[in-house]
Amino acid sequence: MFDNIFYTLNKFFFKIIYPSIWASLNMLFWCVTLSCFFGFILAILLVMYNPLGLRPNKRIYRILDFFVNLIRSFPLIILIVAILPITRIVVGTTIGVWAAIFPLTIAATPYIARLIESAFISVDKQLIEAARSFGASDLQIVFRIMLKESVPSLISIVTLTSISQLAGTTLAGAVGAGGLGSVALNYGFYSFNNVVLYTSVLILLVIVFVIQGVGSFLYKKTV
């Protein structure tokens, strides 16, 4: 039995599994980086126009709130398929790594924005009022008060997003992007190859534990 396992690993690991690890990590890095960047910008707008925010405006906030809730309501695989024409226009193709990164970023951005908004809104109002009394602008309050006070929460948000996005990359096979999820399904489950299937799953688990470990370490350092 062990001879068969080692033979299968030797046959598939360096040709299929190993490249898929880097494909998953590549997608994960760019998805998290881009979604955090755009999510932070969207969060600033939400915080500005939130009824409890820095510059309350119900009409603008309702539009932003509708957009955020609309995107979040789509199951990821449905969103990937639904925006294929937009993906083709933006990326130039509907298959490959970047064809997966685009919809994954679109899906994660509102999710991150909502979490950051909650973190910013929960900042002590007395600190904000004190900053206003010294003549601080809205953006100065966001970056010097809210951002600074929310660092532990932001670390937790990035950690949670990274793990969530790793799960999202497993659906990247729908656009031919490869990755561990695609290998686990196509070369493992559909081919009745349990060695490839469980090796891919084990590697995904290790990546999750590493992300969670790093996130927990940084969180404890900032609390």
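In the block above lies the structure referred to throughout.
Residues numbered from 1 in each chain as written. Predicted model: local features only at pLDDT ≥ 70, side-chain atom pairs only at ≥ 80, totals over all residues. Heavy atoms only, no water.

Examining the overall build of the chain
Scanning the chain for helices and strands turns up 10 helices and zero strands. In sequence order, the secondary structure elements of the chain are arranged as α-α-α-α-α-α-α-α-α-α. Principal-axis analysis of the C-alpha atoms gives the chain an extent of 75 × 40 × 25 Å. Relative to its 223 residues, the chain shows a buried fraction of 42%. Looking at the chain alone, contacts between residues at least 24 apart form 73% of all its contacts between residues at least 6 apart. (Helix = DSSP H or I, 4+ residues; strand = E, 2+ residues; numbered from the N terminus. Buried < 20%, exposed > 50% of the residue type's maximum accessible area, 1.4 Å probe, protein only. Contact = heavy atoms within 4.5 Å.)

Some details on the packing of helix α5 (residues 97–121) against helix α8 (residues 151–169)
At a minimum axis distance of 11 Å, the contact between α5 and α8 shows a crossing angle of 160 degrees. Taken together, the axis directions place α5 and α8 in an arrangement best described as roughly antiparallel. As for how α5 packs across α8, the hand of that crossing is right-handed. Contacts from Leu-104, Thr-105, Ala-108, Tyr-111, Ile-112, Leu-115, Ile-116 and Ala-119 in α5 reach Ser-153, Leu-154, Ile-157, Leu-160, Thr-161, Gln-165, Gly-168 and Thr-169 in α8. A breakdown of the residues in the contact of α5 with α8 according to their chemical character gives 10 nonpolar, six polar and no charged. (Axes fitted to C-alpha atoms, helices over the stretch in contact; angles between N-to-C directions. Parallel < 35°, antiparallel > 145°, perpendicular 65-115°, else oblique. Left-handed = near helix turned anticlockwise from the far one by under 90°. Nonpolar A, V, L, I, M, F, W, Y, C, P; charged D, E, K, R; others polar.)

Overview of the packing of helix α2 (residues 58–72) against α5
Their axes nearest at 8 Å, the elements α2 and α5 cross at an angle of 130 degrees. Compared by their axis directions, α2 and α5 come out oblique. Handedness of the α2/α5 crossing: left-handed. Packed against α2, whose contacting residues are Tyr-61, Asp-65, Val-68, Asn-69, Ile-71 and Arg-72, the element α5 presents Ile-106, Ala-107, Pro-110, Tyr-111, Arg-114 and Glu-117 at the interface. Of the residues belonging to the contact of α2 with α5, the class tally is seven nonpolar, one polar and four charged.

Examining the nonpolar core
By size, the foremost hydrophobic cluster in this structure holds 41 residues, and its most contacted members are Leu-54, Ile-116 and Met-146. Among the secondary structure elements, those contributing two or more residues to this core are α1 (2–49), α2, α5, α6 (125–133), α7 (138–149), α8, α9 (180–189) and α10 (194–222). Looking at this core, the element that brings in the most residues is α1, giving 13 residues. With sequence-adjacent residues up to four places away left out, Ile-116 is seen in contact with Gly-39, Phe-40, Ala-43, Leu-154 and Ile-157. Counting seven residues, the second-largest nonpolar core is a separate cluster that includes Met-27, Ala-100, Ile-101 and Leu-104. (Core = buried A, V, L, I, M, F, W, Y, C linked by side-chain atoms within 4.5 Å.)

Topic: the packing of aromatic side chains
With the rule as written, the count across this model stands at six aromatic pairs. Aromatic pair Trp-30 and Trp-98: ring centres 5.5 Å apart, planes at 45 degrees, arrangement tilted. Taken as a pair, Trp-30 in helix α1 and Trp-98 in helix α5 lie far apart in primary sequence, 68 residues in all. The exposure class assigned to Trp-30 is partly exposed, which follows from its relative accessible area of 32%. (Phe/Tyr/Trp six-rings, centres within 6.5 Å; stacked < 30°, edge-to-face > 60°.)

Looking at the pattern of salt bridges
Here the structure, examined in full by the defined rule, presents four salt bridges. Residue Asp-65 is joined to Arg-114 by a salt bridge in which the shortest nitrogen-to-oxygen separation is 2.5 Å. With Asp-65 in helix α2 and Arg-114 in helix α5, this pair connects stretches of sequence that are 49 residues apart. When its relative accessible area of 23% is taken as the criterion, Asp-65 is described as partly exposed. Across the pair Arg-132 and Asp-138 runs a salt bridge, and its minimum N-O distance is 3.4 Å. The partly exposed category is assigned to Arg-132, whose relative accessible area is 32%. (Salt bridge = Lys/Arg side-chain N within 4 Å of Asp/Glu carboxyl O.)

Details of the environment of Leu-76
Note that Leu-76 resides in helix α3 (residues 76–82). Its relative accessible area of 21% is what places Leu-76 among the partly exposed residues. When the C-alpha atoms of Leu-76 and Val-223 are compared, they prove to be 33 Å apart, with 147 residues separating the residues in sequence. Look past the residues within four positions of Leu-76 in its chain and what remains in contact with it is Pro-103, Leu-104, Ala-107, Gly-168 and Leu-171.

Structural notes on the environment of Val-206
Within the secondary structure layout, Val-206 lies in helix α10. Remark: the alpha-carbon pair of Val-206 and Pro-19, spanning 187 residues in sequence, is separated by 16 Å.

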